[in-house]
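# Structural features, examined
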Amino acid sequence: GGTVLGVAGEDFAVIASDTRLSEYYSIHARDVPKLFRLSPQMVLGCAGFHGDVLTLTKEMNMATQIYEYEHGRTISCPATAEMLSKKLYYRRFFPFYTYNVLVGLDAEGKGAVYGFDPIGSFERETFRASGSAASLLQPLLDNQIGYNNQPNAKREPLSMDKAVALVREVFSCAAERDIHTGDGVVISVITKDGIKESFHPLRAD
Amino acid sequence: MESLDGEEAHRGGFSFENVHRNAFISGRANVSFPKPMKTGTTIAGVVFKDGIVLGADTRATSGSIVADKNCAKIHYMAPNIYCCGAGTAADTENVTDMVSSQLQLHRLSTGRDSRVITALRMLTQHLFRYQGHIGAALVLGGVDFSGPHLYCVYPHGSSSILPFVTMGSGSLAAMSVFEDRFRPGMEREEAMELVKDAIRSGIFNDLGSGSSVDLCVITREKTEYIRPHDVASERGEKAMQFSYQPGTTAVLSESRVTLDDVIVQTV
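Residues numbered from 1 in each chain as written. Chains lettered and ligands numbered in written order. Predicted model: local features only at pLDDT ≥ 70, side-chain atom pairs only at ≥ 80, totals over all residues. Heavy atoms only, no water.

## Observations regarding the interface of chain B and chain A
- Listed by partner, the interface residues are 30 residues for chain B and 31 residues for chain A.
- Where chain B abuts chain A, roughly 2600 Å² becomes buried across the two surfaces, and 53% of that area is made up of carbon and sulfur atoms.
- When the buried surface of chain B facing chain A is broken down by residue, B:Leu207, B:Arg235 and B:Phe242 rank first, second and third, together holding 27% of it.
- For the pair chain B and chain A, the interface holds 3 salt bridges.
- Linking chain B with chain A are 16 residue pairs in polar contact (both at pLDDT 80 or more).
- Taken together, the elements giving at least two residues each to the side of chain B that touches chain A come down to β4 (65-68) and α5 (188-205) of chain B.
- With 4 residues, β4(B) is the single largest residue contributor to the side of chain B that touches chain A.
- Residue composition of the side of chain B that touches chain A, grouped by class: 11 nonpolar, 12 polar and 7 charged. (Contact = heavy atoms within 4.5 Å. Buried area = accessible area lost by both parts, 1.4 Å probe. Salt bridge = Lys/Arg side-chain N within 4 Å of Asp/Glu carboxyl O. Polar contact = N/O pair within 3.5 Å; in protein donor to acceptor, adjacent residues only side chain to side chain. Helix = DSSP H or I, 4+ residues; strand = E, 2+ residues; numbered from the N terminus. Nonpolar A, V, L, I, M, F, W, Y, C, P; charged D, E, K, R; others polar.)

Okay, structure coming up:
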């Protein structure tokens, strides 16, 4: 259960997830975000089977800490993406049932979003929606950020305010039509100065 | 003397030939039947001092997608009889329409107001004939000359007579409210509040139910169909508006065809 969304900008990155934990037609909890801070400039969004979400994020936290002890510096976002891919593929024949989106800043300070499948195939993208409402969110982002089907529209660079407003709006739309998405959305904005988190309520029905 | 012709022996009784056909088709690769839209749903009814209160949510789901955010689940049967429907949307819609028509013809034939038990018989006998394949789970309520009546009708054709009933995926959430607060002989306002709260419980705790609460209050004197009675969950403020400039969609090519051979005839 749950939906995660990551958007990369010129010098920032945004990641958001809903806070509902559901199973079949019931709600287990309304305040369970699916975002996990791996470093001061990197957040892993992890949706799907919550048992595997907790185990995987625990493993990733341990692995990033060990990297710091062994290398004397924080692990970079692209390196974390490679590590996560290996961790997921290691379980190729008994997979982590998780839909991951890793978000942070790359070596040049530009926003980075990496989207994964449950067994570790990954790709760096400008934006990626994952989880139960992915099929509702991704096409809207393709249109608004990727300018799909808008050949004559003026291309503007994505500002942080527009990105956050867009994320809030698409989650509101997803909550209307997907029964598993709702209750609230947590948005983390990552810049060179750190991570700022905000919470916005969604429909609770 | 038994008939040697096996095919011909299918006169009377139930014919389920299409069940074999459907099983055969679904056994073949790459073929799946389209999923019917289910209402998810919380529906409920109570008997109070002066009559019946029926309630329903307004969400219709197709799998895990909300197909309709504001559908009407309280169906008209007669001026003094209404029926809430849960289960397969097409089934509840059609079976209530059908019985509603039959009731009207019956009223014209007998010259009397319809009785709730008549609607019940018609529904249960129809549903039993289809052995549960018509997925209609109904809460039937109304007031006739012999007083208020409330029934629960199940897809296989059985029914229950109870002072308070709930059906649908949110029935457990709604029933927990009833079991806590129901008492016989409530006043109108109290009964409306109770049903509203029961449906709200379904709306917030069941993922198959949502949006708002519709109510129908039936008494000897009048019937009130209140839609919506309570907008339990709303969208909230929009964070941004989407707008597209004229000319955004590129016209790649255009062709005009004049219809020269149209003959205009005036009658």
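## As for the environment of B:Asn70
Residue and element names in this part refer to chain B.
- Summarising the element assignment, Asn70 is placed in the loop between β4 and β5 (74-78).
- Remark: the alpha-carbon pair of Asn70 and Val213, spanning 143 residues in sequence, is separated by 9.7 Å.
- Other than its neighbours up to four places away in sequence, Asn70 contacts Thr58, Ser212 and Arg227.

## As for the sheet that holds strand β8 (residues 111-116) of chain A
All names here are of chain A.
- The strand order across the open sheet formed by 5 strands is β5-β6-β7-β8-β9, and the pairing between neighbours is antiparallel. Both edges of this open sheet fall to β5 (35-39) and β9 (122-125), since each of them pairs with a single strand only. On average, each strand axis in the sheet is tilted by 25° relative to the strand beside it, whichever way the strands run.
- Note: strand β6 (residues 42-48) against strand β7 (residues 98-105), 7 bridges, orientation antiparallel. Considered in β7, the bridge of Gly48 is made with Thr98.
- The sheet strands contacting helix α1 (residues 50-71) are β5, β6 and β7, and the helix crosses β6 at an angle near 160°.
- In the packing of helix α2 (residues 77-90) onto the sheet, contacts are made with β5, β6, β7, β8 and β9, and the angle to β7 comes to roughly 165°. (Pairing = 2+ DSSP bridges. Axes fitted to C-alpha atoms, helices over the stretch in contact; angles between N-to-C directions.)

## With respect to the confidence of the model for chain A
- For chain A, mean pLDDT is 96; residues scoring 70 or higher make up 100% of the total.
- The least confident element of chain A, judged by mean pLDDT, is strand β3 (residues 21-23) of chain A at 94; the most confident is strand β2 (residues 13-18) of chain A at 98. (pLDDT = per-residue confidence, 0-100.)

## Here we look at the nonpolar core
All names here are of chain A.
- The biggest cluster of nonpolar side chains holds 26 residues, and the ones touching the most others in it are Leu5, Val7, Val14, Leu141 and Val167.
- Of all the secondary structure elements, the ones that give two or more residues to this core are β1 (3-8), β2, β10 (127-131), α3 (134-144), α4 (160-177) and β11 (184-191).
- Leaving out residues up to four positions away in the same chain, Val167 has contacts with Leu5, Val7, Val14, Ala16 and Ile187. (Core = buried A, V, L, I, M, F, W, Y, C linked by side-chain atoms within 4.5 Å. Buried < 20%, exposed > 50% of the residue type's maximum accessible area, 1.4 Å probe, protein only.)

## Section: the packing of helix α2 (residues 89-110) of chain B against helix α3 (residues 116-129) of chain B
Residue and element names in this part refer to chain B.
- Contact pair α2 / α3: the axes reach a minimum separation of 10 Å and the direction vectors enclose 135°. With respect to each other, α2 and α3 are oriented oblique. The two elements α2 and α3 meet at a crossing, and its hand is right-handed. Residue-level contacts link Val95, Met98, Val99, Gln102, Leu103 and His106 of α2 to Thr118, Ala119, Met122, Leu123, His126 and Leu127 of α3.
- When grouped by side-chain class, the residues that make up the contact of α2 with α3 number 8 nonpolar, 4 polar and no charged. (Parallel < 35°, antiparallel > 145°, perpendicular 65-115°, else oblique. Left-handed = near helix turned anticlockwise from the far one by under 90°.)

## Overview of the pattern of salt bridges
- In total, this model carries 24 salt bridges over all chains according to the counting rule given.
- One salt bridge connects A:Asp183 with A:Arg20, and the closest N-O pair in it is separated by 2.8 Å. Taken together, the positions of A:Asp183 in the loop between α4 and β11 and A:Arg20 in the loop between β2 and β3 put the pair 163 residues apart, joining distant regions of the chain. Neither A:Asp183 nor A:Arg20 differs from the other in exposure class; each is buried.
- Through salt bridges with shared partners, a single network forms among A:Glu176, A:Arg203, A:Asp205, B:Arg59 and B:Lys69.

## Some thoughts on the confidence of the model for chain B
All names here are of chain B.
- When pLDDT is averaged along chain B, the result is 90; 91% of the residues meet or exceed 70.
- When the elements of chain B are averaged for pLDDT, helix α1 (residues 17-27) gives the smallest value, 80, and strand β1 (residues 43-48) the largest, 98.
- Both confidence scores are given for the complex: pTM 0.86, ipTM 0.88.

## What about the side chain of A:Asp183?
- Looking at A:Asp183, the relative accessible area reads 9%, which means it is buried.
- A:Asp183 has contacts with A:Thr19, A:Arg20, A:Ile27, A:Ala29, A:Arg30, A:Phe199, A:Pro201, A:Leu202, A:Arg203 and A:Ala204, leaving out every residue within four places of it along the chain.

## Considerations on the state of the cysteines
- The full count for this structure, using the stated rule, is 0 disulfides over all chains.
- B:Cys83 carries a free sulfur, and the closest cysteine sulfur to it, the one in B:Cys84, is 6.7 Å from it. (Disulfide = S-S within 2.5 Å.)

## Some points on the pairing of strand β10 (residues 164-167) of chain B
Residues and elements named next belong to chain B.
- Going residue by residue along β10, you find Phe164 and Thr166 tucked away on one face and Val165 and Met167 tucked away on the opposite face as well.
- Across 4 bridges, β1 lies against β10 in antiparallel orientation. Across the sheet, the residue bridging to Gly45 is Val165, located in β10.

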